[in-house]
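Summary of the model geometry
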Amino acid sequence: MKEVKDFLKKILLAVELFFVIVLVHWDKLLFVGIIALDQFVKAKIISTMVPGESIPILQNVFHITYVLNPGAAFGILPNQRIFFLVAGGVLLILAAYFYPKINKKDTLSKFGAIILVSGATANLIDRVQSGLVVDFLDCKGFPVFNIADVAIVAGMFVMVYVILFKMETQSSGKIETL
């Protein structure tokens with residue numbers, strides 16, 4: 001009986017440690033998780049489909065369509081690889097500088113910044129590897145996009161919301177929400 005109790009205590013300690021790590025490092029886990037998910041799905045698309053191939057999930061509504069995008073969102077600024085590499089590098093440097101200035105309690109700002117930067121990083125990985133971004137989510141009536149694009153757009157919406165409705169700059173230089 002004592003062995004069972006000791007074993008259960010060890011399991012509970014491990015679970016508690018897991019949750020402490022998740023709570024303390026949720027932002028890093030989210031950052032890595034979005035990039036990993038995006039890159040994993042893109043690798044599956046590349047290995048199982050050919051460019052231009054489309055698999056209907058909901059006919060004429062949603063397809064998985066393999067597209068190699070040489071531009072930015074919606075295909076704008078095609079074939080500007082150097083511009084996108086420099087812009088992506090600058091974004092990462094700015095994020096590394098400004099992220100620590102966000103108040104630790106301001107989870108909404110941290111969330112928006114993390115998902116935006118993780119999406120940009122995932123697409124930057126594509127650009128470094130081949131100069132092209134792999135897109136595959138095809139909602140008919142919209143340009144084809146990917147998981148990283150969703151993270152970028154969602155992060156922008158969160159950041160705009162925070163800036164317009166929640167942000168207040170403190171005299172300490174820290175950025176806080178109201």
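Residues numbered from 1 in each chain as written. Predicted model: local features only at pLDDT ≥ 70, side-chain atom pairs only at ≥ 80, totals over all residues. Heavy atoms only, no water.

What about the environment of P51?
Here P51 lies in the loop between helix 2 (26-48) and strand 1 (54-58). P51 sits 85 residues away from F136 along the chain, and the two C-alpha atoms are 9.7 Å apart. Filtering out sequence-adjacent residues up to four positions away, P51 remains in contact with Y66 and L68. (Helix = DSSP H or I, 4+ residues; strand = E, 2+ residues; numbered from the N terminus. Contact = heavy atoms within 4.5 Å.)

Focus on the pattern of salt bridges
A side chain with one charge can pair with a side chain of the opposite charge if their charged atoms come near. In total, this model carries four salt bridges according to the counting rule given. Across the pair K28 and D27 runs a salt bridge whose closest N-O atoms are separated by 3.6 Å. Its salt-bridge partner being D138, residue K140 comes within 2.9 Å of it at the nearest N-O pair. (Salt bridge = Lys/Arg side-chain N within 4 Å of Asp/Glu carboxyl O.)

Some words on the layout of surface pockets
When its volume is computed, the largest pocket comes out at roughly 640 Å³. Counting residues per element, the ones that place at least two in the lining of the largest pocket are helix 3 (81-98), helix 4 (107-130), strand 3 (133-139) and helix 5 (147-166). Counted by class, the lining of the largest pocket contains 20 nonpolar, four polar and three charged residues. (1 Å grid on protein atoms, 1.4 Å probe; cavity = no way out; pocket = protein on both sides within 12 Å on 5 of 7 lines; lining within 4 Å. Points joined across faces, edges and corners; volume = space filled by probe spheres on them. Nonpolar A, V, L, I, M, F, W, Y, C, P; charged D, E, K, R; others polar.)

Points about the sheet that holds strand 2 (residues 62-69)
Taken in spatial order, the three strands make up an open sheet running 1-2-3, and their pairing is antiparallel. Of all strands in the sheet, those bounded by a partner on one side alone are strand 1 and strand 3. Along the sheet, successive strands turn relative to each other by an average axial angle of 30°, direction set aside. The sheet strands contacting helix 2 are strand 2 and strand 3, and the helix crosses strand 3 at an angle near 90°. (Pairing = 2+ DSSP bridges. Axes fitted to C-alpha atoms, helices over the stretch in contact; angles between N-to-C directions.)

A word on the nonpolar core
I45, M49, I64, Y66, V134, F136 and L137 form the largest nonpolar core, which has seven residues in total. For this core, the secondary structure elements donating two or more residues are strand 2 and strand 3. Here this core takes three residues from strand 3, the largest share from any one element. Contact partners of L137, with chain neighbours within four places excluded, come to F62, H63, I64, P143, V144, F145, N146, I147 and V150. Residues I102, A113, I114 and M159 belong to the second largest nonpolar core, which totals five residues. (Core = buried A, V, L, I, M, F, W, Y, C linked by side-chain atoms within 4.5 Å. Buried < 20%, exposed > 50% of the residue type's maximum accessible area, 1.4 Å probe, protein only.)

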